[in-house]
Amino acid sequence: MEKVTIFDTGYFYADGGAMFGAIPKTAWNRKYLSDAQNGCILAMRSMLVKIGERYILIDAGAGNKHLKALSYYRFFGLKDIQEELQMLGIKPETITDVVLTHLHFDHCGGCTYRDDNNQLQLTFPNAIHWVSKPQWTNFHEPHPLERNSFFLEDMKPIENAGMLKLIDHTQLIYPHLTLRLADGHTPGQIVPYVETDTETLVFAGDVIPLFASLSPEWISAYDLSPTISYDEKTMLLKEAVFHHHRIVYCHDAYTLSSRVKQTTNGLFLPERESIVYTDPPL
Ligand SMILES: [Zn+2]
């Protein structure tokens, strides 16, 4: 394992009630800030992993193709992911793999863009794009409740270019990088596990999007199957406690990652000294 870099591609506002489902605002608002319109600032976080000759990007943010259609999310601080990577010294052509936790616009929109002639182009033309088979099926035939989260043009050019790779079970795809599957939020989310020299990072995606969603019952109203989300999250957390995994929170605008512990009465809490905060965008 050579290097892991975590960066944000931009921010948007999500309704706090939607983010915390059945949890009353008096409870969640103590743990996550909101504005006068009940909007919570969410980050769109990506992780770049270098393993040997491979440059692997995990999630690609929203891109800029659908900002009008999605205007009620009040996007701000958007960064061009190609430029962000150039600042890290990486050309888009250098990326060998893109792992997509799932295909909601805020995770895969940045995989394609429209050029000056309005033609769709691949942001990472040489990358294999890893998606789960159940998520790919679901992307084409989503439940109506989820339909507005998908845009075919985010991914179709990648399939047409032959750069799509589907997995249907837990798989070690390169040394130190295992992809696991989790249901609940949407079918077949990929949860990447990255072993660094010192610890294992779990890019939990929307299984645990925020530091404040560590409790298994704090589940977003966007989740299609909350009872499954509860079970998947509990399983992930138990293992994270046992193996001292570090969880990366992909949407938390204030907290980047932490390890977790379980109290004697079963509560999952962050290991306080392990918390890594991030500069809030405002
Ligand atoms: Zn998301």
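Residues numbered from 1 in each chain as written. Predicted model: local features only at pLDDT ≥ 70, side-chain atom pairs only at ≥ 80, totals over all residues. Heavy atoms only, no water.

**Looking at the pattern of salt bridges**
Where charged atoms from two side chains of opposite charge approach closely, those side chains can pair. Scanning the entire structure with this criterion turns up eleven salt bridges. Note that Arg54 and Asp97 form a salt bridge whose closest N and O atoms lie 2.9 Å from each other. Taken together, the positions of Arg54 in strand E3 (residues 54-58) and Asp97 in strand E4 (residues 97-99) put the pair 43 residues apart, joining distant regions of the chain. Judged by its relative accessible area of 25%, Arg54 is partly exposed. By relative accessible area, which is 0% here, Asp97 ends up buried. A salt bridge links Glu199 to Arg246; the nearest nitrogen and oxygen atoms lie 2.8 Å apart. In this pair, Glu199 is assigned in the loop between strand E11 (189-195) and strand E12 (200-203) and Arg246 in strand E13 (residues 246-248), connecting sequence segments 47 residues apart. In this structure, Glu199 and Arg246 share a single accessibility class: buried. Among the ionic contacts, a cluster of salt bridges with common partners joins Glu199, Arg246, Arg259 and Glu271. (Salt bridge = Lys/Arg side-chain N within 4 Å of Asp/Glu carboxyl O. Helix = DSSP H or I, 4+ residues; strand = E, 2+ residues; numbered from the N terminus. Buried < 20%, exposed > 50% of the residue type's maximum accessible area, 1.4 Å probe, protein only.)

**Focus on the pairing of E12**
Residue alternation in E12 divides its side chains into two sets, Thr200 and Val202 and Leu201 and Phe203, and both sets are buried. Where E11 meets E12, three bridges bridge the pair, whose relative direction is antiparallel. Opposite Tyr193, over in E12, you have Val202 as the bridge partner. Here E11 folds back onto E12, and the loop between the two strands holds four residues. Relative to E13, E12 is paired through three bridges, and the arrangement is parallel. Looking at E13, one finds that Val202 is bridged to Ile247. You can see the chain leave E12, run along helix H7 (residues 226-243) and come back into E13, and the turn it takes is right-handed. (Pairing = 2+ DSSP bridges. Right-handed = clockwise from strand over helix to strand, strands pointing away.)

**Section: the sheet that holds E4**
Pairing is mixed across the open sheet formed by six strands, whose spatial order is E1-E2-E3-E4-E7-E8. Each edge of the open sheet carries a strand with a single partner, namely strand E1 (3-15) and strand E8 (164-167). The sheet shows a mean angle of 20° between the axes of neighbouring strands, taken without regard to direction. As defined by bridge partners, E4 adjoins strand E7 (residues 128-132) across three bridges and the pair is classed as parallel. What sits directly across from Val98, in E7, is His129. (Axes fitted to C-alpha atoms, helices over the stretch in contact; angles between N-to-C directions.)

**Looking at the coordination of the zinc ion**
For the zinc ion, every protein donor is listed as Asp106 (OD), His107 (NE2), Asp206 (OD) and His251 (NE2), and the spread of their distances is 2.1 to 2.4 Å. Classification of the site at the zinc ion rests on its four donor atoms, whose angles at the metal span 85 to 160°, yielding the label irregular. In primary sequence terms, the donor set of the zinc ion follows D-H-x98-D-x44-H. In this pair, His107 is assigned in helix H4 (residues 105-108) and Asp206 in the loop between E12 and H7, connecting sequence segments 99 residues apart. Asp206 shares its class with His107; the two are buried. (Donors = N, O, S within 2.8 Å, 3.2 Å for Na, K, Ca; no water. Tetrahedral: all angles 85-135°; square planar, octahedral: opposite > 155°, others 65-115°.)

**Some details on unusual backbone geometry**
Despite not being glycine, Asn38 shows a phi value in the positive range, around 75°. For Asn38, the location among the structural elements is in the loop between helix H2 (25-28) and strand E2 (39-51). Phi at Arg74 takes a positive value of approximately 45°, unusual for a residue other than glycine. Along the chain, the position of Arg74 falls in the loop between E3 and helix H3 (81-87).

**Describing the layout of surface pockets**
Taken as a whole, the largest pocket spans an internal volume of roughly 470 Å³. In this structure, the largest pocket is lined by 30 residues; those nearest its centre are His104, Ser149, His185, Ser220 and Tyr222. Taken together, the elements giving at least two residues each to the lining of the largest pocket come down to E1, H4 and H7. Residue classes in the lining of the largest pocket are distributed as 17 nonpolar, eight polar and five charged. (1 Å grid on protein atoms, 1.4 Å probe; cavity = no way out; pocket = protein on both sides within 12 Å on 5 of 7 lines; lining within 4 Å. Points joined across faces, edges and corners; volume = space filled by probe spheres on them. Nonpolar A, V, L, I, M, F, W, Y, C, P; charged D, E, K, R; others polar.)

Treat this as a map of the structure, not an account of what it does.
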